[in-house]
Amino acid sequence: MKIVVTGTRGIPNIMGGVETHCEELFPRIAARGFDVTVIRRDSYVRDNLTEWKGVKLVDMESPKKKSFEAIIHTFRAIRRAKRQGADIIHIHAIGPALLVPYAKMLGMKVVFTHHGPDYDRDKWGFSAKAMLRLGERMGCMFADEVIVISDVIRNLIRGKYGRTQHVHLIYNGVSQPEVCDFPEYFEELGIEKGKYILGMCRFVPEKNLHHLVAAFTKVKNEESGMKHGGSGIKLVLAGDTDFEDDYSLSLKRKAKENGVVLTGFVKGRKLHSLLSNACVYCLPSSHEGLPISLLEAMSYRLPVVVSDIPANKEIGLSEKCYFPCGDIEALTRRLAYWVERPLQRMDYGMKAYDWDAIAVQTADVYRSLMASGR
């Protein structure tokens with residue numbers, strides 16, 4: 001069975017939640033005997049790969065302009081998929097889903113994964129949000145099969161579009177942790193094991209990293225923060241932005257002014273070492289689908305402090321892990337609770353987030369669609 005994937009910037013080692021999802025999922029799909037091609041946006045590609053872990057890679061030109069790149073790239077990818085004779089085109093995210101009817105018009109079977117209502121993201125203006133809402137509608141109404149990554153999203157599309165048939169709840173997943181130390185990297189960053197708070201995401205407004213910087217500054221300066229190794233407590237922000245703008249520039253400036261360690265986008269041993277040795281992980285965002293970065297932190301058994309938005313609440317953490325979204329004072333108290341205590345590790349139920357099981361579920365969706373004759 002030939003599967004063509006679009007809606008992602010690409011794989012491997014490209015920043016983003018959808019990108020991480022595809023990087024983990026599709027090699028596992030290919031290993032189950034499927035012919036998988038991921039069509040990448042060439043402006044994000046930093047390699048010359050044509051295949052990776054059994055997945056074929058095709059690079060196509062797309063303008064690196066956030067208002068247009070996804071839709072133009074998806075249009076070109078759909079046409080490429082048709083020429084390749086794809087049995088199924090799998091479209092990720094609601095922006096690219098705007099073109100689900102076009103793929104259907106060309107006679108293709110379409111699976112659409114809804115990763116979250118992106119029109120809630122602060123970075124989009126009125127017109128872009130309108131197009132994203134339309135994309136969600138097109139995907140939910142016309143795709144043969146819809147995959148949702150959280151029950152929150154399943155309830156959303158049931159309420160908005162009345163769609164309950166051929167809708168599959170398949171969570172995001174997380175790989176087995178690779179616990180390690182990287183002393184040279186920590187020396188380069190100027191941090192110590194167990195003496196830093198970790199934030200890990202893209203530098204976009206809805207992640208509320210400016211709230212985390214503000215709360216860290218309070219923790220660092222208050223007596224509660226001083227108990228944990230004195231002024232040695234640090235905040236490490238692992239990530240960056242795809243499009244440098246006023247927000248990202250302002251965040252980086254405030255971070256540097258307050259002694260925050262900025263790593264840039266990291267993967268591999270650097271990221272594993274940061275996850276292995278943090279005292280607490282924090283995700284203060286106002287919008288998520290089902291955050292893979294949070295699942296990763298949980299897999300490393302880190303204490304976590306996250307905003308009380310529906311996507312985070314669905315994971316079912318202890319109430320002491322949550323704080324009211326946007327409440328910097330509450331966030332400060334939650335962080336202070338962890339940094340003033342000896343290093344702790346937690347036990348979480350991770351069974352629902354196993355990528356191998358997720359690959360089996362996704363493959364079953366493909367087989368069911370092909371067998372249905374629709």
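See the structure shown above.
No experiment lies behind these values; they were computed from the predicted model shown.

## Here we look at the environment of leucine 271
- By the secondary structure assignment, leucine 271 is in helix α10 (residues 268-277).
- The buried category is assigned to leucine 271, whose relative accessible area is 9%.
- Each C-alpha atom, one on leucine 271 and one on leucine 212, is 19 Å from the other, the two residues being 59 residues apart in sequence.
- Leave out the neighbours within four places in its chain, and leucine 271 touches Met200 and Val266.

## Looking at the packing of aromatic side chains
- What the rule picks out here adds up to six aromatic pairs.
- Here the aromatic rings of phenylalanine 34 and tyrosine 366 are separated by 5.8 Å at their centres, their planes lie at 65°, and the arrangement is edge-to-face. Separated by 332 residues along the polypeptide, phenylalanine 34 in the loop between α1 (17-30) and β2 (35-41) and tyrosine 366 in helix α14 (residues 355-372) bring together distant segments of the chain.
- Overall, the relative accessible area of 8% leaves phenylalanine 34 in the buried class.
- Their ring planes at 40° and their centres at 5.6 Å tell us that phenylalanine 182 and tyrosine 185 sit as a pair that is tilted. Summarising the burial analysis for this pair, phenylalanine 182 and tyrosine 185 share the class buried.
- When the ring centre of tyrosine 44 is taken as reference, the NZ or CZ atom of arginine 9 above it lies at 5.3 Å.
- Seen from the ring of tyrosine 119, arginine 133 lies directly overhead, with NZ or CZ sitting 4.2 Å from the centre.

## Observations regarding unusual backbone geometry
- In this structure, the amide linkage connecting isoleucine 11 to the following residue, proline 12, adopts the cis form with an omega of -5°.
- Mapping proline 12 onto the fold places it in the loop between β1 (2-6) and α1.
- One non-glycine residue with positive phi stands out, namely asparagine 13, at about 60°.
- Note that asparagine 13 resides in the loop between β1 and α1.
- The partly exposed category is assigned to asparagine 13, whose relative accessible area is 47%.
- One non-glycine residue, asparagine 208, lies in positive phi territory at about 55°.
- On the secondary structure map, asparagine 208 appears in the loop between β9 (196-200) and α7 (209-221).

Rules and cut-offs
Residues numbered from 1 in each chain as written. Predicted model: local features only at pLDDT ≥ 70, side-chain atom pairs only at ≥ 80, totals over all residues. Heavy atoms only, no water. Helix = DSSP H or I, 4+ residues; strand = E, 2+ residues; numbered from the N terminus. Buried < 20%, exposed > 50% of the residue type's maximum accessible area, 1.4 Å probe, protein only. Contact = heavy atoms within 4.5 Å. Phe/Tyr/Trp six-rings, centres within 6.5 Å; stacked < 30°, edge-to-face > 60°. Lys NZ or Arg CZ within 6 Å of the ring centre and 35° of its normal.

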